[in-house]
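Breakdown of the fold
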There are 2 protein chains.
Amino acid sequence: MSKRVGIREVAAAAGVSVTTVSHSLSGGGQLSDATRKRVRSVAESLNYTPNRLASGLRSKRSQIIGFVSDEISTTPYAGNMLLGAQDAAAAHDQVLMVVNSNRNAQLEARGIDALLQHRVDGIIYARMYHQAVELPAALSGVPTVFLDASNESSDLSSVVPDEEGAALTAMDHLIEAGHRRIGYLNNIDDIPATRGRLAGYRAALAKHGIPFDESLIALSESMTGPGRDAASRLLARPDRPTALFCFNDRIAMGAYQAAHLARLAIPHDLSIVSIDNFEVLADALLPGLTSIALPHYEMGRWAAERLAAELAGEADSPPEQIRMHCPLVLRQSVGPPLR
Amino acid sequence: MSKRVGIREVAAAAGVSVTTVSHSLSGGGQLSDATRKRVRSVAESLNYTPNRLASGLRSKRSQIIGFVSDEISTTPYAGNMLLGAQDAAAAHDQVLMVVNSNRNAQLEARGIDALLQHRVDGIIYARMYHQAVELPAALSGVPTVFLDASNESSDLSSVVPDEEGAALTAMDHLIEAGHRRIGYLNNIDDIPATRGRLAGYRAALAKHGIPFDESLIALSESMTGPGRDAASRLLARPDRPTALFCFNDRIAMGAYQAAHLARLAIPHDLSIVSIDNFEVLADALLPGLTSIALPHYEMGRWAAERLAAELAGEADSPPEQIRMHCPLVLRQSVGPPLR
DNA sequence: TGAGCTTACATAAACGTTTTTGTTATTGTC
DNA sequence: GACAATAACAAAAACGTTTATGTAAGCTCA
């Protein structure tokens, strides 16, 4: 492998100046189309690969977007957000540099510092579960978009799932199937999802003129075991609900198990709908679990797209705080109520 | 925000040359400790943030490691590999730039090109499921380590799970619990995991003097539904196995369902062990699924560590092809055989 | 004591681009 | 046919580091 070919070698081979090569490749300056084309083909034939370190240094645009998330290992959602962000970034000739804080503030600070040293053009500050967050001090002044995270007070763009809408969609589906006594297995943590989905649950009841019954709500950690216990409690009641709306698929899996233990068939004796559309569970359960999908890919995409727009935009449009729609994915866990 | 502070500003403030600042911060050159310390504290007080674009350009070391994977969204393993790689990389002052091919050769080529434009120091070429791979042409000459992927013919380092050992561990566990008729729900694809785990299954039988019975093997796609069907076939036989070894947790979940349908209690009537230790399933199933963990985090770590060593190492040690041990994670799905 | 080391720093070139500022033909205008 | 405007390119500075080379002072030792 001879010496790396740079813009200089291309210039020599094409018989023009380096300026002309730069302009030809970037589309800048004013050059004849003929020259542009010739230079490009020469560059191609020489296998020229632009050096982004150099161009970033000079132009002050690294073409790198930093992606910082709180955890990436324990959740299958991370991948979809990353993928969405990556796809959108690639469309703008940007590439992702990812850093994971593992929920450790010090690691996060170090990671962000590394990103800034690499002079990322902007940052996607992501959470794996919808959360309210503060902007890390180091990021003030850096173009930033929140992903699956929101911050009331800041004037930054953000995208989160429409929690209330998701719950409403789920409940509408159950109510339209004929159910009126619908239990809700809610999460126990005080996070936007918990509050939003509960609001959606109540809104749906109100919308259809069904009185709210506090005793139909059971709280559970977002795991299968606790979900099973919570569901068992609701199903043990003499006036047990004919349907359960679950905070997420893992809790729903617990509800399946509780139904089994109570000898209730799904969906004949009990209908279930939940939120997540985590395919490994929803598809695997018997019968398949009808679930509301959280639009992770789309949110990732939106975040990167929005960031790219801010980076490109001379006239910086006002920040947007998006709540993204969550679609219903039908499977076999919902049927008409008994009797 | 005044003008960005660079090495030059630090030099002025400390009353030394830029050379001295560079040496102070990097630890190079020969300077008095006093000067080094003083410069460092000045840099700190000025909030100096080194520009890696510039240093990379000059020193030809970007301190970036490229991470290219085939898919990242459909699997929960990706996160752990990424995390392991990131942790090890961070220890060497490197950061990860990730690119996802989505199993599309063209996208992969484009992604790799982007990484090379950014002059990554090396590349971790990862697969989400253990696979034999070819080194993309664009990567020849680039320091590369295979992660969860292997290539017989190349002289590059790689790390994969010890598939045969994993199966052996699983089978040993069942045999030591007293089982002799053990069914195997194997995957249907022709991949190293399929072959390796089958080899481990047979090796375990041989080791314990149990004759191999072809009819105890059922093939299934790596999903719950097909796993359920395959398990049902084995369990329908009059001389049904007392235990099942499953290719992965999703198939094992199918086996659980098949057992339910056949009115067999786990582990009383049927013991099950599988491979993956995919917590969302293994922990959630009732009873908990005993499973062999694939060391994704450790493999990611090893890959980044090894790459860092190659990058640092003047004397490039010969490439290593590692098969990593897979530990057994005990839960409640294994018991003694009936009667 | 002075040649040769060593210590502790400084000067300046280099990395591969982009961008600012020319420069030279060519065209158009009256 | 003089003057400005434009088109098409080139020269050189700049981006913020690292590194090769230089240099001055202090020390060693014959």
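Residues numbered from 1 in each chain as written. Chains lettered and ligands numbered in written order. Predicted model: local features only at pLDDT ≥ 70, side-chain atom pairs only at ≥ 80, totals over all residues. Heavy atoms only, no water.

The name given to chain A in an unreviewed UniProt entry is LacI family DNA-binding transcriptional regulator, and the organism recorded there is Cryobacterium levicorallinum.

1. Things to note about the pairing of strand 4 (residues 144-150) of chain A
All names here are of chain A. As a reminder of what qualifies: Three exposure classes are used, based on accessible area relative to the maximum for each residue type with a 1.4 Å probe and protein chains only: buried under 20%, partly exposed in between, and exposed over 50%. A run of H or I in DSSP counts as a helix once it spans at least four residues, and a run of E counts as a strand once it spans at least two, with each numbered from the N terminus. In this analysis, strands are considered paired if DSSP registers two or more bridges between them.
For strand 4, the tally of buried residues reaches 7 of 7 residues, placing the bulk of the element in the interior. Note that strand 3 (residues 122-132) and strand 4 share 6 bridges and pair parallel. Bridge pairing in strand 4 links Ala 132 to Ser 150. Across 3 bridges, the pairing between strand 4 and strand 5 (residues 157-161) is parallel. Paired with Val 145 across the strands is Ser 157, a residue of strand 5.

2. Some remarks on the relation of the copies chain B and chain A
In plain terms, the rule: When the copies are overlaid, the least-squares fit takes in C-alpha atoms only where the residue has pLDDT of at least 70 in both copies. For this analysis, residues touch if any pair of their heavy atoms sits within 4.5 Å.
The operation relating chain B to chain A is a screw motion whose rotation component is 180°, with 0.0 Å of axial translation and a residual RMSD of 0.1 Å. Here the symmetry operator amounts to a two-fold rotation axis. Looking at chain B, 100% of its interface residues are interface residues in chain A too, so the copies touch through the same face.

3. Here's the deal with the interface of chain B and chain A
To keep things clear, this is the line we draw: Using a 1.4 Å probe, buried area is obtained as the accessible area two parts lose upon being combined, added over both of them. What counts as a salt bridge is simple: a side-chain nitrogen of Lys or Arg found within 4 Å of a carboxyl oxygen of Asp or Glu. By the criterion applied in these results, polar contacts are pairs of N or O atoms within 3.5 Å in which, for protein atoms, one can donate a hydrogen and the other can accept it, and in which residues neighboring in sequence qualify only through two side-chain atoms.
With 43 residues of chain B at the interface, the matching set in chain A holds 44 residues. By the criterion of area lost to chain A, the three top residues of chain B are Leu 53, Gln 117 and Arg 119 of chain B, representing 16% of everything that side buries. The interface formed by chain B and chain A holds 0 salt bridges in total. Our count for the chain B to chain A interface comes out at 12 residue pairs in polar contact (both at pLDDT 80 or more).

4. Points about the sheet that holds strand 9 (residues 271-276) of chain B
All names here are of chain B. Short version of the rule: For helices, the fitted line uses only the C-alpha atoms of the stretch in contact; every axis is such a line through C-alpha atoms, and the angle between N-to-C directions lies from 0 to 180 degrees.
Read from one edge of the open sheet, 6 strands run 7-6-8-9-10-12, paired in mixed fashion. In the strand order of this sheet, the two ends are held by strand 7 (217-220) and strand 12 (328-329), each with one partner. Bridging between strand 9 and strand 10 (residues 290-293) involves 4 bridges; their strand directions are parallel. Looking at strand 10, one finds that Val 273 is bridged to Thr 290. Strands in contact with helix 8 (residues 192-207) are strand 6 (182-187), strand 7, strand 8 (243-246) and strand 9; relative to strand 6, the strand with the most contacts, it is inclined by about 170°. This element, helix 9 (residues 224-236), spans strand 6, strand 7 and strand 8 of the sheet and lies at about 160° to strand 7.

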